[in-house]
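Reading the structure
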Amino acid sequence: MKDTEEIIENSKKEQEIVDEEIQQTEEISELDKNINVDENSTKDETEVETVEEKQDIRELIKSFQPLDYFDFVNLHIHSKYSDGKADFEDIIRQAKELGYHKIAICDHNTVEGHKHFQDDVLIPAVEFDCWCGYVFMHLLAYGIDVNNPVLDEFMAKSKKETEADIVRIWARRDIKKLINAIHEAGGIAVLAHPACCWALNLDKFVGKLVSYGLDGIEVHYPYRRHRAIIRFASLRQIKDVAEKYNLIVTGGTDCHTRNIMAY
Ligand SMILES: [Zn+2]
Ligand SMILES: [Zn+2]
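This write-up is about the structure you can find in this document.

Quick notes on the rules
- Sequence order as written defines residue numbering, which begins from 1 separately in each chain.
- Written order determines the labels here, with chains lettered from A and ligands numbered from 1.
- pLDDT decides what is reported in this predicted model: residues at 70 or higher carry local features, side-chain atom pairs at 80 or more are listed and counted, and totals for whole chains, interfaces and linings draw on all residues regardless.
- Strands are runs of DSSP state E lasting at least two residues, helices are runs of H or I lasting at least four, and both sets are numbered from the N terminus onward.
- Residues are scored as being in contact if the C-beta atoms we place from backbone atoms lie within 7 Å.
- Here, a nonpolar core means buried Ala, Val, Leu, Ile, Met, Phe, Trp, Tyr and Cys residues linked by C-beta atoms lying within 7 Å of one another.
- Here a residue counts as buried when 20 or more other C-beta atoms fall within 10 Å of its C-beta, as exposed when 12 or fewer do, and as partly exposed in between; the C-beta atoms come from the backbone.
- It is the directions from the helix axis to the C-beta atoms that the arc portrays.
- Note on pairing: two strands pair once DSSP finds at least 2 bridges between them.
- Here is how to tell: hold the view so the strands point away, follow the path from the first strand over the helix to the second, and if it runs clockwise the crossover is right-handed.

Next up on the list: the overall build of the protein chain. A count of helices and strands for the protein chain gives 10 helices and 7 strands. Long-range contacts, defined here as pairs at least 24 residues apart, represent 74% of the contacts in the protein chain between residues at least 6 apart.

Okay, structure coming up:
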């Protein structure tokens, strides 16, 4: 009898052990589920990041605040691919070392640099010489596909067309077609340093460009130091025009030097 009791007792104990093991297994599988959930949520976060990276160039530029210029964001830099003094890859290196959020290298009439070097800190861009009626102007393009064949038609055919002012002023780019091509290449068209434009009426001039599809206007740039060119409009007037036509506001130093902090 004692033996039987012992057997029963032992079997009870065994059952308890088995129950405990089952419980542990359940707990582990519950943990697994949680881990899986975590893995899934990590995947989701990665997807979100990718979407953010690919966010519309308009939204990206709109997210920059006036105080971001020029210490964290500089959307107007020239390299040796046009008339700048810095190597393209050295500009990228400096921007990263200095902790810039975004920069744009906008060489005159060429995207050759962007075809050779890409980086997270870099926005693909270019600065075109063109005429709008009797006004000679510079048109910036941001967020473009640098391999777009339609936009390629508007690029410089020689090295001189990327450097010499005297050559560049003879540009025969049709402003309407150029803005369309920039849009076709997924980018936005921005009027560069508007205070330098020889437009007697800036409001009317910008209005005309807006009717051709202009998206933005360079507002934050070093007006006083800007290449010693006579000013035709004040910062206040330009801000008013930007607001009136609901244009995307951009900024940059138009740096042509070796050191991107100097302008
Ligand atoms: Zn310019
Ligand atoms: Zn420039």
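Still more ground to cover, so stick around.
This part takes up the nonpolar core. The biggest cluster of nonpolar side chains holds 64 residues, and the ones touching the most others in it are Leu139, Ala141 and Tyr142. Per-element accounting of this core gives the leading share, 7 residues, to strand β3 (residues 122-132). Sequence-distant contacts of Ala141, defined by excluding residues within four places in its chain, comprise Ala125, Val126, Phe128, Ile182, Gly187 and Ala189.

Right, let's get into the environment of Asp71. Along the chain, the position of Asp71 falls in the loop between α2 (57-62) and β1 (73-77). For the pair Asp71 and Tyr100, spaced 29 residues apart in the sequence, the C-alpha separation amounts to 6.8 Å.

Moving on, we get to the environment of Leu151. Tracing the sequence through the fold places Leu151 in helix α5 (residues 149-152). Taking the C-alpha atoms as reference points, Leu151 and Ala185, 34 residues apart in sequence, are found 6.6 Å from one another. For Leu151, the contacting residues outside a window of four places in its chain are Ile144, Ala181, Ile182, Glu184 and Ala185.

Let's shift gears to helix α8 (residues 175-184). Looking at α8, one finds that the buried residues are Ile175, Leu178, Ile179, Ala181 and Ile182. Buried positions in α8, seen along its axis, are confined to an arc of 160° and lie on one side of it. Structurally, α8 contributes buried residues whose contacts are with β3, β4 (135-142), α5 and β5 (188-191). In the stretch just after α8, Gly186 is the one whose phi turns positive, near 80°.

Let us look at the pairing of strand β2 (residues 102-105). Inspection of the sheet shows β1 paired to β2 by 3 bridges, in the parallel sense. Following the sheet pairing, Ile77 is matched in β2 by Ile105. Between β1 and its parallel partner β2, the chain crosses via helix α3 (residues 88-97), and the hand of that crossover is right-handed. Where β2 lies against β3, 3 bridges are found, and the strand directions are parallel. Counted as the bridge partner of Ile103 is Leu122 from β3.

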